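Examination of the molecular architecture
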Amino acid sequence: MREPPGPCGCQKCARVGNNAAVPPRVRFAPSPTGYLHVGGARTALFNWLFARRHGGTFVLRIEDTDVQRSSADMVTGILDGLRWLGLDWDEGPEVGGAHGPYFQSERLDRYRAAAARLVAGGHAYDCYCSPERLRDEREKAEARGEAWQYDRACLSLPPERRSELERAGAPRAIRFKVPETHAAFDDVVHGPIAFDPRAIEDFVILRSDHHPTYHLSVVVDDVEMRITHVIRGDDHISNTPKHLLLFEALGAVPPTFAHVPLILGGDKKRLSKRHGATSVTEYRRQGYLPAAMVNFLALLGWSPGDDRELMSVEELVASFSLEGISGGNAVFNVEKLDWMNGQYIARLPARELAGAVAPLLRDAGFAVPADAAWWYRLLDLLRPRARRLTDFVELARPFLVDTVEYEPAAVEQHLRAPDVAAHLEALAAALGTADPFDEPHVEAAVRGTAAERGIKAGVLIHATRVALTGRTTSPGLFEIIVILGRDRSVARIERLVNFLAMRNARGIS
RNA sequence: GUCCCCAUCGUCCAGAGGCCUAGGACGCGGCCCUUUCAAGGCCGAAACCCGGGUUCGAAUCCCGGUGGGGACGCCA
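Okay, so let's go over this structure.

Rules of the game
- Residues numbered from 1 in each chain as written.
- Chains lettered and ligands numbered in written order.
- Predicted model: local features only at pLDDT ≥ 70, side-chain atom pairs only at ≥ 80, totals over all residues.
- Heavy atoms only, no water.
- Salt bridge = Lys/Arg side-chain N within 4 Å of Asp/Glu carboxyl O.
- Buried < 20%, exposed > 50% of the residue type's maximum accessible area, 1.4 Å probe, protein only.
- Helix = DSSP H or I, 4+ residues; strand = E, 2+ residues; numbered from the N terminus.
- Contact = heavy atoms within 4.5 Å.
- Pairing = 2+ DSSP bridges.
- Axes fitted to C-alpha atoms, helices over the stretch in contact; angles between N-to-C directions.
- Polar contact = N/O pair within 3.5 Å; in protein donor to acceptor, adjacent residues only side chain to side chain.
- Near = heavy atom within 4 Å.
- Parallel < 35°, antiparallel > 145°, perpendicular 65-115°, else oblique.
- Left-handed = near helix turned anticlockwise from the far one by under 90°.
- Nonpolar A, V, L, I, M, F, W, Y, C, P; charged D, E, K, R; others polar.
- Phe/Tyr/Trp six-rings, centres within 6.5 Å; stacked < 30°, edge-to-face > 60°.
- Lys NZ or Arg CZ within 6 Å of the ring centre and 35° of its normal.

Moving on, we come to the pattern of salt bridges. Taken as a whole and judged by the stated rule, the model has 35 salt bridges. In this structure, the salt-bridge partner of Asp196 is Arg198, at a minimum N-O distance of 2.8 Å. Arg198 sits in the exposed class, given a relative accessible area of 64%. A salt bridge links Arg270 to Asp235, with the nearest nitrogen and oxygen atoms 3.1 Å apart. With a gap of 35 residues between them, Arg270 in the loop between strand 12 (263–264) and helix 8 (280–285) and Asp235 in the loop between strand 10 (229–233) and helix 7 (240–249) connect regions that are remote in the sequence. Given the relative accessible area of 52%, Arg270 is considered exposed. Linked through salt bridges whose partners overlap, the residues forming this network are Arg27, Arg61, Glu63, Arg107, Arg110, Asp221, Asp222 and Glu224.

So, in structure tokens, the structure goes:
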């Protein structure tokens, strides 16, 4: 029996009720208690790709029910991170939408109403147990090497005891009464997962300060925001049975779940600060291109099913499917990210590259060259040598300063040949008459000079590189002579000749 | 400790019973190109965790072990 295709012609769009296929609604729900972590960014990316692939809606919801630890700055940072990656949201902060508000701190009345409904329906009950008592019980159990579950002390409180507590002003939380039904679901990436409900304690859904816990708010919002697919981190698998139970108690059809594996550091431990950068802001600062970051993150735990590696956002959207997500955790491999970033730098249009490098140049105290054509040509010479945007500052330095510094290693390695100064003077003269001043003629001048003076071209080339850049490495010599131009090239060669003369005079050779 | 998830080169993935002499990419080694450094091209080393089943046939299915990870809060 074939099911009707979804709105985008595929079989994967959500089916709500009997058989009406609707475009999927997915959400990314970060907690603003920290910056946007690369793991969170990848979860957001998978949600976004899924929504775009199926013509669905990507909702951004801020889970700021932890008043103490949440901050507005973190919200800004997360939004900036998502925008930098190009993950635009259809509903959420700043854009609004029909299912708002999108900050949980503005939806507290809904959670309280839902909790009251659950109590009224016999799915939840008031709990007056003090946090101290619960903590003690847990510690005692732990000392015995056992796990402790809430003992349902408040499940059936005698009315007189209850009014006594109320009169005494005892803080009251609300706990969900976990039923004995089996909690099982079919995870899109993991397959069937079943839990024994006896392993789930009666968890708190509304704190004594009348704020919801995560379990309540996430389910209430997913219901009210009509979320069809929950794509989130693996670490939520063990929470899912609680959520399933809540969906049921609330009389709602649960969404489809897809739990994506975690991102680990080189030691296979959960990625954290000691592994290096973990926030997307940090990668941005380090000179990674958003397109490279997206490509890399997409391939971390997901594959299009073939051997493609370099994929544009359009290709990712066209190929994305939840079934392509692998079940195992993935190690964040910076070397591969570096390679990929280099690939994107190599392919970036000159204008865009120049735009991306400009702020870095200014930060380093350089003015962006006024001659755009010249600057683009220079960038083209440098780009195959760059892996990060930040590399361009050092690569470009010799071409932006008035006077180059001679690196000791360059002086030692390439200026030892006999009569280098004389050879360089001859080259300066030859360059003075090269016409036109282009690569073939410059090359002819260099090779011709070497031949006339009976030395190997390499000797002259290396010495000249030191004169022009002060370094042992650079783009091809003929290319850099041309880009520096006749006057600057000749001047730099003559300056090195003088430098060598002074050094000889001081007998330092 | 209990529950859950996972298991292919060092790393990220391909593989959905015969197409596997296990494929691609990063990284690594070599060669080519070459004025250096890159980039690029070519070549190479490198893996199915172990043990039982099922099957004519298993990297692929089942069970057990081992290993790794995650969750066990009035955090999210």
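The discussion continues.
Let us look at the environment of Ile263. Within the element layout of this structure, Ile263 appears in strand 12. The sequence separation of Ile263 and Gly233 amounts to 30 residues, and the corresponding C-alpha distance is 9.5 Å. With residues up to four places along the chain from it excluded, the contact list for Ile263 reads Val38, Gly39, Arg42, Arg270, Leu271, Leu300, Ala330 and Phe332.

Time to look at helix 19 (residues 477–484). Taking burial as the measure, the 8 residues of helix 19 include 7 buried ones, the bulk of the element. Turning to helix 19, its buried residues are Leu477, Phe478, Ile480, Ile481, Val482, Ile483 and Leu484. In the segment just after helix 19, Gly485 is the residue with positive phi, at about 90 degrees.

On the basis of which strands lie adjacent, the open sheet formed by 3 strands has the order 5-6-9 and antiparallel pairing. In this open sheet, the two edge strands, each paired with only one partner strand, are strand 5 (124–127) and strand 9 (204–206). Across the sheet, the mean angle from the axis of one strand to that of its neighbour is 45 degrees, orientation sign disregarded. Examined bridge by bridge, strand 6 (residues 173–176) and strand 9 share 2 bridges and lie antiparallel to one another. Each residue of the ladder has a partner; that of Ile174, found in strand 9, is Leu206.

A separate point is the side chain of Ser217. For Ser217, the location among the structural elements is in helix 6 (residues 214–224). From its side chain, Ser217 meets the backbone oxygen of Tyr214 in a polar contact 3.2 Å long. Residue contacts for Ser217: discarding those within four places in its chain leaves Thr65, Gln104, Tyr111 and Pro212.

In the neighbourhood of RNA strand B, 65 residues make up the surrounding shell, with Arg207, Ser238, Lys269, Arg465 and Ser474 lying closest. Here Arg138 contributes a side-chain N or O atom positioned 3.0 Å from a phosphate oxygen of RNA strand B. Between RNA strand B and Asn329, the relevant distance is 2.8 Å, taken from a sugar or linking oxygen to a side-chain nitrogen or oxygen of the residue. Of all the elements in the fold, those that place two or more residues in the surface near RNA strand B are helix 4 (131–143), strand 6, strand 8 (191–195), helix 6, strand 13 (330–331), helix 11 (334–347), helix 18 (457–469) and helix 19. The element contributing the most residues to the surface near RNA strand B is helix 11, with 4 residues.

With that settled, consider the packing of helix 17 (residues 439–452) against helix 18. In the contact formed by helix 17 and helix 18, the axes pass within 8 Å of each other and the chain directions differ by 125 degrees. By the angle between their axes, helix 17 is oblique relative to helix 18. Our pair here, helix 17 against helix 18, has a crossing hand that is right-handed. Counting all contacts with helix 17, which are made through Val446, Arg447, Thr449 and Ala450, the residues of helix 18 involved are Ala457, Leu460 and Ile461. Tallied by class, residues from the contact of helix 17 with helix 18 come to 5 nonpolar, 1 polar and 1 charged.

Packed helices, taken two at a time, are described by their axes: the angle between them and the distance between them. Relative orientation of the contacting elements helix 16 (residues 420–433) and helix 20 (residues 486–505) amounts to 165 degrees, with a least axis distance of 9 Å. Viewed along their axes, helix 16 and helix 20 adopt a mutual orientation that is roughly antiparallel. In this structure, helix 16 meets helix 20 at a crossing whose hand is left-handed. Packed against helix 16, whose contacting residues are Val420, Ala421, Leu424, Glu425, Leu427, Ala428, Leu431, Gly432 and Thr433, the element helix 20 presents Arg486, Val490, Ile493, Glu494, Leu496, Val497 and Leu500 at the interface. Split into classes, the residues belonging to the contact of helix 16 with helix 20 amount to 11 nonpolar, 2 polar and 3 charged.

In this section: unusual backbone geometry. The peptide bond linking Gly100 to Pro101 adopts the cis configuration, its omega dihedral lying at -5 degrees. Structurally, the position occupied by Pro101 is in the loop between helix 2 (72–85) and helix 3 (108–120). Of note, the amide linkage connecting Asp435 to Pro436 takes the cis form, showing an omega dihedral of -5 degrees. Within the secondary structure, Pro436 sits in the loop between helix 16 and helix 17. Although it is not a glycine, His210 adopts a positive phi angle of roughly 70 degrees. Residue position: His210 is located in the loop between strand 9 and helix 6. The backbone of Asp419 sits at a positive phi, close to 60 degrees, despite the residue not being glycine.

What follows is about the packing of aromatic side chains. Under the definition given, this model contains 9 aromatic pairs. Summarising the aromatic geometry, the rings of Trp302 and Phe320 are spaced 5.3 Å apart at their centres and angled 35 degrees between planes, so their arrangement reads as tilted. Taken as a pair, Trp302 in the loop between helix 9 (290–298) and helix 10 (313–319) and Phe320 in the loop between helix 10 and strand 13 lie far apart in primary sequence, 18 residues in all. One residue, Arg175, lies across the ring of Tyr150, its end atom 3.7 Å from the ring centre.

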